Amino acid sequence: MQIVQRAVHAAGREYGDLMLDLLSDILTNLSMRGTIYFRTSFTKPWGVGVPAYENVARFHFAHRGQCMLRVDGVAEPVLLSQGDLVIIPHGASHDLYCGHAPDETVMPLDRVLEASDYDGAGVLVYGGEEPQSETQLICGHFSFDPKARHILMERLPPYIHLRNYGEAAGRWLEATLRMIGDEAGGAKMGGDLIALKMSETILAQAIRSFIEGGAAPDWGLGAFSDNHISRALDAFHKAPREGWTVESLAQVAGMSRTSFAVRFQALMEMTPLEYLTRWRMEIAKKQLLQSGTSLTDAAESAGYASDSAFSRAFKKEVGLTPAEFRKSEMLVRS
């Protein structure tokens, strides 16, 4: 009961703060790491084909100028205007180009790097002889542990386009994006590291903006934008070891047990306990791969008092016993 009372009290915070706390826990457990891979100075005509890559979310911020984006599997291209941010959550291949004759101007990224003599430092300069048409992009990606999973990342759309992102997200973020643009690839000492660390805040803000924008229910993520159910999710993520039940989660949400269970299922396409179990197993997987961690340690981290009950739940969810999972991962990593 005490955990429910604390959670209900905490639920009085602003929704935006609550959402960031929830996202922070999810992204941290997924071992998110940001990487700035280049800042560009593209002049017409130009086009770059970025290959697909697993376990990453790509991002491009239009620091100056504009360009077109064509994502694999999406019928219509997207215009990126100055100040826009686009996230490509699943690392799909995509083309960035100046807007005309993409079939003629788009070149594979490795060929662009070779043609521009780009060595990974400074600004990637590429394109034709129209300097007045310069497009500056800040490009990078967020990598994730290939074995970590969460429906929030799995269900995001092929791309998230946030128009005039800096201004819309607030003055502090606009300043952050401008600083990333100034620091990335610059000559100042420590500039790339500063830009890299700042970029790691961008994904959480972008996902929050997507969820608050109203499209989350279309992708099976409506619980994150629901003021009541998101309180219960936040409370669970803060204390996953506690003995949560549908009733105690409903109390935090300020709903009846039945209404909570029905609404959760409708918004998330799974039951509350299915969600709890999936996340607890993700926590346990990380524990199992830490040196010196016992089966009991992993079970307790996931909220199980019994090793046998934990092992049964783990095998049902993961398809392997805890010992088999640890052995298979150690073989992969050796």
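Quick caveat: nothing in here was measured; it's all calculated off a predicted structure. (Residues numbered from 1 in each chain as written. Predicted model: local features only at pLDDT ≥ 70, side-chain atom pairs only at ≥ 80, totals over all residues. Heavy atoms only, no water.)

Visitor: Explain the sheet that holds strand E1 (residues 33–44) here, please?
Guide: Within a sheet, adjacent strands bond to each other through the backbone by hydrogen bonds, running parallel or antiparallel. Pairing in this open sheet of six strands is mixed, and the strands run E9-E1-E10-E3-E6-E11 from one edge to the other. Edge strands, defined here as strands with exactly one partner in the open sheet, are strand E9 (123–127) and strand E11 (160–162). Between one strand axis and the next, the sheet turns through 20° on average, direction left out of account. Summarising the sheet, strand E3 (residues 56–64) and strand E6 (residues 85–88) pair through four bridges and their orientation is antiparallel. (Pairing = 2+ DSSP bridges. Helix = DSSP H or I, 4+ residues; strand = E, 2+ residues; numbered from the N terminus. Axes fitted to C-alpha atoms, helices over the stretch in contact; angles between N-to-C directions.)

Visitor: Explain the packing of aromatic side chains to me, please; I cannot follow it from the model alone.
Guide: Counting across every chain of the model gives ten aromatic pairs. Measuring from centroid to centroid gives 6.5 Å for phenylalanine 38 and tyrosine 118, while their planes differ by 90°, and the two rings are edge-to-face. Here the residue phenylalanine 38 occupies a position in strand E1, and tyrosine 118 occupies one in the loop between helix H4 (109–116) and E9, the gap between them amounting to 80 residues. With respect to class, phenylalanine 38 is no different from tyrosine 118; both count as buried. Grouped by ring-pair contacts, the aromatic residues Phe236, Phe260, Phe264 and Tyr275 constitute a single cluster. (Phe/Tyr/Trp six-rings, centres within 6.5 Å; stacked < 30°, edge-to-face > 60°. Buried < 20%, exposed > 50% of the residue type's maximum accessible area, 1.4 Å probe, protein only.)

Visitor: When you look at the nonpolar core in this model, what are you seeing that I'm missing?
Guide: Nonpolar side chains in soluble globular proteins tend to be buried together. If you look at the biggest cluster of nonpolar residues, it comprises 55 residues, and the most contacted ones within it are Leu85, Ile87, Phe142, Phe144, Phe224, Phe260 and Tyr275. Ignoring sequence-local partners within four residues, the contact set of phenylalanine 144 consists of Leu27, Leu30, Ser31, Met32, Asn55, Val56, Ala57, Met153 and Leu203. (Core = buried A, V, L, I, M, F, W, Y, C linked by side-chain atoms within 4.5 Å. Contact = heavy atoms within 4.5 Å.)

Visitor: How do you make sense of unusual backbone geometry when you look at a structure like this?
Guide: A negative phi angle is the norm for most residues apart from glycine, just as the trans form is the norm for most peptide bonds. With an omega of -10°, the peptide bond running from lysine 44 to proline 45 counts as cis. Here proline 45 lies in the loop between E1 and strand E2 (47–50). Within the chain, asparagine 55 stands out as a residue other than glycine whose phi angle is a positive 60°. Along the chain, asparagine 55 turns up in the loop between E2 and E3. Residue glutamate 269 is not a glycine yet carries a positive backbone phi of 60°. Topologically, glutamate 269 is positioned in the loop between helix H11 (257–268) and helix H12 (272–288). On the accessibility criterion, glutamate 269 (56% relative accessible area) is exposed.

Visitor: What is the right way to read the pattern of salt bridges from this model?
Guide: Between side chains of opposite charge, a pair can form as their charged atoms come close. Scanning the entire structure with this criterion turns up eight salt bridges. Of the charged contacts in the structure, one is a salt bridge between arginine 70 and aspartate 95, with a shortest N-O distance of 2.7 Å. Here arginine 70, found in strand E4 (residues 67–71), pairs with aspartate 95, found in strand E7 (residues 94–97); they are 25 residues apart in sequence, far enough to count as distant. By relative accessible area, aspartate 95 is classed as buried at 16%. Arginine 263 is paired through a salt bridge with aspartate 226; the nearest N and O atoms lie 2.6 Å apart. Of the two residues, arginine 263 is situated in helix H11 and aspartate 226 in the loop between helix H8 (191–212) and helix H9 (227–238); the sequence distance between them amounts to 37 residues. Counted as one network, the salt bridges with shared partners bring together Arg70, Asp95 and Asp103. (Salt bridge = Lys/Arg side-chain N within 4 Å of Asp/Glu carboxyl O.)

Visitor: How should the side chain of arginine 155 be read in this particular structure?
Guide: Structurally, the position occupied by arginine 155 is in the loop between helix H5 (151–154) and E11. The buried charged residue arginine 155 lacks any salt bridge partner; its closest oppositely charged side chain belongs to glutamate 269, at an N-O distance of 4.3 Å. A polar side-chain atom of arginine 155 sits 2.6 Å from the main-chain carbonyl oxygen of glycine 220. In this structure the side chain of arginine 155 is engaged in a polar contact, spanning 2.8 Å, whose partner is the backbone oxygen of methionine 268. Those residues in contact with arginine 155, other than ones at most four positions away along the chain, are Trp219, Gly220, Leu221, Met268, Glu269 and Met270. (Lys, Arg positive; Asp, Glu negative; His and termini not counted. Polar contact = N/O pair within 3.5 Å; in protein donor to acceptor, adjacent residues only side chain to side chain.)

Visitor: Just checking my understanding: could you explain H11 for this structure?
Guide: Residues spaced three or four apart along an α-helix point in a common direction, a consequence of the helix completing one turn every 3.6 residues. Between its first and last C-alpha, H11 extends 16 Å over twelve residues, near the 16 Å set by a 1.5 Å rise per residue. Along H11, the residues that are buried comprise Phe260, Phe264, Leu267 and Met268. The buried residues of H11 occupy an angular sector of 75° when projected down its axis, which confines them to one face. Opposite the buried face of H11, at more than 90 degrees from it, the exposed residues are Thr258, Val262 and Ala266. Looking at the buried residues of H11, the elements they touch are H5, H9, helix H10 (246–253) and H12. Residue glutamate 269 follows H11 closely and has a positive phi angle near 60°. (Expected span 1.5 Å × (residues − 1). Arc of directions from axis to C-beta.)

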